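Here are the chains, one letter per residue:
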Amino acid sequence: MIVLSAALPARGRVLLAAAAGGSFGRRLLLRSLLILRSAEGGGGGRGICSAQCRGGEGATATVGSSKMSQKEPQVHEIGDWYSVPDLSLRDHRFAVPLDYSSPDGPRISVFAREVVLAGKEAQHLPYLLYLQGGPGFESPRPTEASGWLKKACDEHRVVFLDQRGTGLSTPLTVSSLMQFTSAKKLVDYVKHFRADSIVNDAEFIRVRLVPDAEPWTVLGQSYGGFCAVTYLSFAPQGLRCVLLTGGLPPIGKDCTADDVYRACFDQVVQQNEKYYKRFPEDVSVINELVIYLSEAEGGGVPLPSGGILTPRGLQNLGLVGLGSSTGFERLHYMFERAWDPILVPGAPKRISYYFLKSFESWISFDTNPLYALLHESIYCQGASSKWSAHKIRNSLDNVFDAVRAARESRPVFFTGEMVFPWVFDEMGALTHLKEAANLLSEKEDWPSLYDIDALNKNEVPVAAAVYYEDMYVNFKLSMETASQIAGIRLWITNEFMHSGLRDGGGQVLDHLLGMLKGGRPLF
């Protein structure tokens, strides 16, 4: 096991987003000020407010244990407390601007779930905001007080945020996205669903939810960590401390999407080699599947919900199977049931419905299309991706050509966390999004997501778990980013995979909190 803690020197403090330097930091602060201090028009969003938030201009309403001025239109709906084993939960809905540069324009609903240990509903506790991985995935739905959540609730009110476009936050689904009458209109809408808008949502929520608008702790898992670093860049005044787990993004000005995917493919190759070393018998099983698919009419077989499974589509199973703690085993057991048994002599060989259904369950592009649409854009700042992962894969065709590998009796290598343009042809539910996906891949005017000068001057306490063999967030690029965040404390380990927060119970969170409290040695 590799375990290393390190501290990087502090270099001052960023007090305002404008002090971060750069036009985007100033724009973000201006947007926040507009939202927090201006009269908030209705636009196209749904005006929502419960009895707890009602009142005319100048009235006050209790939110948690704080009082909030009602000079702004009513934008916050609070539900009643309800329970699951050992926990009390309360739902919040906020009507936020779709575009923070146009606060009087259309609004969307953002959902947050407040969680405390049963019996602590009235206690004054600091708030911890959990930011889920993604992009385009909703927050977890708590069912009991266990794992890291139990540890977090010992000392905090935990807020699970459904990032905009996911879960109950005006969800963007393959069906709801059909409401747009052109690909351009769809692109103009979903461009507002990246980390910069998510951070603005978090600030919008914090000043309305947290008593006296005190700063809160942010726990960022995977892409949620990317969002947390955007938070550090442009709104550090909202942060008490930041905990990152597998979530240090590539931030360098010269770091392109191509650089990210090139580094990620290197780790994917290593994960494939480890998989086949553990399950060498799967080489022939998967080769047989690939050849069968390649020789089928149309180059593949129909999937239960539409679309087609092809050899290159089969390789997408690495997205889930190669990067999590039990992924190898789950992938192996899935291939155990790849074929239907021959019940009648002479019946043709067929891939089992079980396998095809399992494949669709693993690849969730159709249930979370925002992931497929925006995945490459999370690496874009002032430049387009131009289907970067596809480009890098093509340059490695001798490694990732599934049919050639199968015919040469070599292991077929799976791909990792990448979205390819042909996904929008082969997955039936996504075909109507193809034109928009292509436009997004060509979009160049993505704003900056990070401010390196501000991060160099950071004084917000930050602790990060960096997983040495992380397939999703490259270790080398993570370390380059860590060197730019003043005062960050690192825990580098291969004890856990990317799913360490989920797999480690409370151990990962306990370790990170301990580092900030001085409970862990630096070296």
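As the structure is a computational prediction, the values presented were derived from the model and not from experiment. (Residues numbered from 1 in each chain as written. Predicted model: local features only at pLDDT ≥ 70, side-chain atom pairs only at ≥ 80, totals over all residues. Heavy atoms only, no water.)

Things to note about unusual backbone geometry
A cis geometry characterises the amide bond from G134 onward to P135, with omega recorded as 5°. One can find P135 in the loop between strand 8 (127–131) and helix 2 (147–153). Despite not being glycine, D86 shows a phi value in the positive range, around 75°. For D86, the location among the structural elements is in the loop between strand 5 (82–84) and strand 6 (87–97). (Helix = DSSP H or I, 4+ residues; strand = E, 2+ residues; numbered from the N terminus.)

Describing the packing of aromatic side chains
Describing an aromatic ring pair means giving the distance of the ring centres and the angle of the ring planes. Tallying each qualifying case throughout the model produces 24 aromatic pairs. Measuring from centroid to centroid gives 5.4 Å for Y189 and F193, while their planes differ by 35°, and the two rings are tilted. Y189 gets classed as buried once you look at its relative accessible area, which sits at 17%. Taking the centre distance of 6.2 Å and the plane angle of 85° together, the rings of Y275 and F414 count as edge-to-face. In this pair, Y275 sits in helix 6 (residues 257–278) while F414 sits in the loop between helix 15 (402–407) and helix 16 (423–426), placing the two residues 139 residues apart along the sequence. (Phe/Tyr/Trp six-rings, centres within 6.5 Å; stacked < 30°, edge-to-face > 60°. Buried < 20%, exposed > 50% of the residue type's maximum accessible area, 1.4 Å probe, protein only.)

Brief notes about the packing of helix 4 (residues 195–209) against helix 5 (residues 223–234)
Contact geometry for helix 4 and helix 5: axes closest at 9 Å, N-to-C directions at 70°. Between helix 4 and helix 5, the crossing angle belongs to the class labelled roughly perpendicular. Residue-level inspection shows A195, D196, I198, V199, A202, E203 and R206 of helix 4 in contact with helix 5, the latter providing Y223, C227, T230 and Y231. Within the contact of helix 4 with helix 5, the residues separate by chemical class into seven nonpolar, one polar and three charged. (Axes fitted to C-alpha atoms, helices over the stretch in contact; angles between N-to-C directions. Parallel < 35°, antiparallel > 145°, perpendicular 65-115°, else oblique. Contact = heavy atoms within 4.5 Å. Nonpolar A, V, L, I, M, F, W, Y, C, P; charged D, E, K, R; others polar.)

Some remarks on the pairing of strand 15 (residues 489–493)
For strand 15, the tally of buried residues reaches four of five residues, placing the bulk of the element in the interior. Bridge count between strand 14 (residues 462–467) and strand 15: five bridges; the pairing is parallel. Pairing of V466 across the sheet is with I492, part of strand 15. In this fold, the crossover linking strand 14 to strand 15 by way of helix 19 (residues 475–482) has right-handed handedness. (Pairing = 2+ DSSP bridges. Right-handed = clockwise from strand over helix to strand, strands pointing away.)

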